[in-house]
Amino acid sequence: MTDPKNPENQDGTTGEDDWADAMAEQGADGGEEDPWAAALAEQEANESSATDPEPQADTSSASQAAGDQVFKPLDKDAGNSGMRDLEMIMDIPVKLTVELGRTRITIKQLLELAQGSVIELDGLAGEPMDILINGYLIAQGEVVVVDDKYGIRITEIITPSERVQKLNR
């Protein structure tokens, strides 16, 4: 064993000689091919076969060629893959709510409610109703009656800036 304070072994050789002997011995009787050596040889073979007869002065074209090897180039089917991705979410259910109006009441007022009680809402008659998707305002519309059933006709799609203003109400 090598003394860390004394780099020489008992037989007068240094620890580096032991390492070299061990590495040579491992390579001699291992019989297995070194995976790093194989990978380096493969890389050199690929580089030598991919070299152009003309040297490239423009590094952007070299990086473009490398990028083409790593990333698949876009083709005319690329738009169809986007549609396939969109089709994956088409069957996800969302909760649509139409809000007639809102109000705030106290717990006392809530407990006093009975059948036939009237609650005053902040929405005005004829005012567009809010259409919410999963609790987020996305549109406004008006009530319609079709075959004795209520429905809503969308009259306006809310822009993101209008959504922020509606939150303050």
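Quick caveat: nothing in here was measured; it's all calculated off a predicted structure. (Residues numbered from 1 in each chain as written. Predicted model: local features only at pLDDT ≥ 70, side-chain atom pairs only at ≥ 80, totals over all residues. Heavy atoms only, no water.)

1. So, the overall build of the protein
Right, so step 1: Along the protein, the regular secondary structure elements total six helices and four strands.
Right, so step 2: The helix and strand sequence of the protein, counted from the amino end, reads α-α-α-α-β-α-β-β-β-α.
Right, so step 3: Classification of the 169 residues of the protein by burial places 8% in the buried group.
Right, so step 4: Counting only contacts in the protein whose residues sit at least 6 apart along the sequence, the fraction spanning at least 24 positions is 27%.
Right, so step 5: In the structure as shown, the protein presents an accessible area of about 15400 Å², 56% of it carried by carbon and sulfur atoms. (Helix = DSSP H or I, 4+ residues; strand = E, 2+ residues; numbered from the N terminus. Buried < 20%, exposed > 50% of the residue type's maximum accessible area, 1.4 Å probe, protein only. Contact = heavy atoms within 4.5 Å. Areas by Shrake-Rupley, 256 points an atom, 1.4 Å probe, with all protein chains shown as cover.)

2. A short note on the side chain of glutamate 99
Right, so step 1: You can see glutamate 99 is positioned in strand β1 (residues 96–99).
Right, so step 2: For glutamate 99, a relative accessible area of 15% translates into the label buried.
Right, so step 3: A distance of 2.8 Å separates polar atoms of two side chains, one belonging to glutamate 99 and the other to arginine 102. (Polar contact = N/O pair within 3.5 Å; in protein donor to acceptor, adjacent residues only side chain to side chain.)

3. Some details on the pairing of strand β4 (residues 149–157)
Right, so step 1: Where strand β3 (residues 136–146) lies against β4, eight bridges are found, and the strand directions are antiparallel. In the strand pairing of β4, glutamine 140 is matched with glutamate 156.
Right, so step 2: Adjacent in sequence and paired antiparallel, β3 and β4 are bridged by two residues, among which aspartate 147 carries a positive phi angle near 50°. (Pairing = 2+ DSSP bridges.)

4. Structural notes on a nonpolar patch on the surface
Right, so step 1: On the surface, a cluster of nonpolar side chains totalling about 520 Å² of accessible area is made up of Leu100, Ile105, Leu110, Leu113, Ile119 and Leu121.
Right, so step 2: Here leucine 113 falls in the partly exposed class, since its relative accessible area comes to 36%. (Patch = residues over 30% accessible without salt bridge, like charges linked within 9 Å, V, L, I, M, F, W, Y side chains within 5 Å. Salt bridge = Lys/Arg side-chain N within 4 Å of Asp/Glu carboxyl O.)

5. Focus: the confidence of the model for the protein
The predicted coordinates ought not to be read in detail in places where the model reports low pLDDT.
Right, so step 1: Here the protein averages 75 in pLDDT, while 62% of its residues score no lower than 70.
Right, so step 2: Across the protein, element-level confidence peaks in helix α5 (residues 107–111) with a mean pLDDT of 94 and bottoms out in helix α3 (residues 59–70) with 59. (pLDDT = per-residue confidence, 0-100.)

6. Points about the sheet that holds β1
Across a sheet, paired strands are connected by hydrogen bonds in the backbone, their directions being either parallel or antiparallel.
Right, so step 1: Read across the open sheet, the four strands follow the order β1-β2-β3-β4; overall the sheet is antiparallel. Each of the sheet's edge strands pairs with one partner strand only, and the pair in question is β1 and β4. The average angle at which neighbouring strand axes cross in this sheet is 40°, direction not considered.
Right, so step 2: With five bridges connecting them, strand β2 (residues 129–133) and β3 associate as antiparallel partners. Across the sheet, isoleucine 131 pairs through a bridge with alanine 139, a residue of β3. (Axes fitted to C-alpha atoms, helices over the stretch in contact; angles between N-to-C directions.)

7. Points about the pattern of salt bridges
Right, so step 1: Tallied over the entire structure, the rule returns two salt bridges.
Right, so step 2: Here glutamate 99 and arginine 102 are joined by a salt bridge, their closest N and O atoms 2.8 Å apart.
Right, so step 3: The shortest N-O distance in the salt bridge between glutamate 142 and arginine 153 comes to 2.7 Å. Separated by eleven residues along the polypeptide, glutamate 142 in strand β3 and arginine 153 in strand β4 bring together distant segments of the chain.
Right, so step 4: The exposure class of glutamate 142 is partly exposed, given its relative accessible area of 37%.
Right, so step 5: Arginine 153 gets classed as partly exposed once you look at its relative accessible area, which sits at 47%.

8. Side note on unusual backbone geometry
Right, so step 1: Although it is not a glycine, asparagine 134 adopts a positive phi angle of roughly 50°.
Right, so step 2: If you trace the backbone, asparagine 134 turns up in the loop between β2 and β3.
Right, so step 3: Judged by relative accessible area, asparagine 134 falls into the partly exposed class, the value being 46%.
Right, so step 4: Even without being glycine, aspartate 147 reaches a positive phi, approximately 50°.
Right, so step 5: In this structure, aspartate 147 sits in the loop between β3 and β4.
Right, so step 6: Relative accessible area serves as the criterion here: at 71%, aspartate 147 is assigned to the exposed category.

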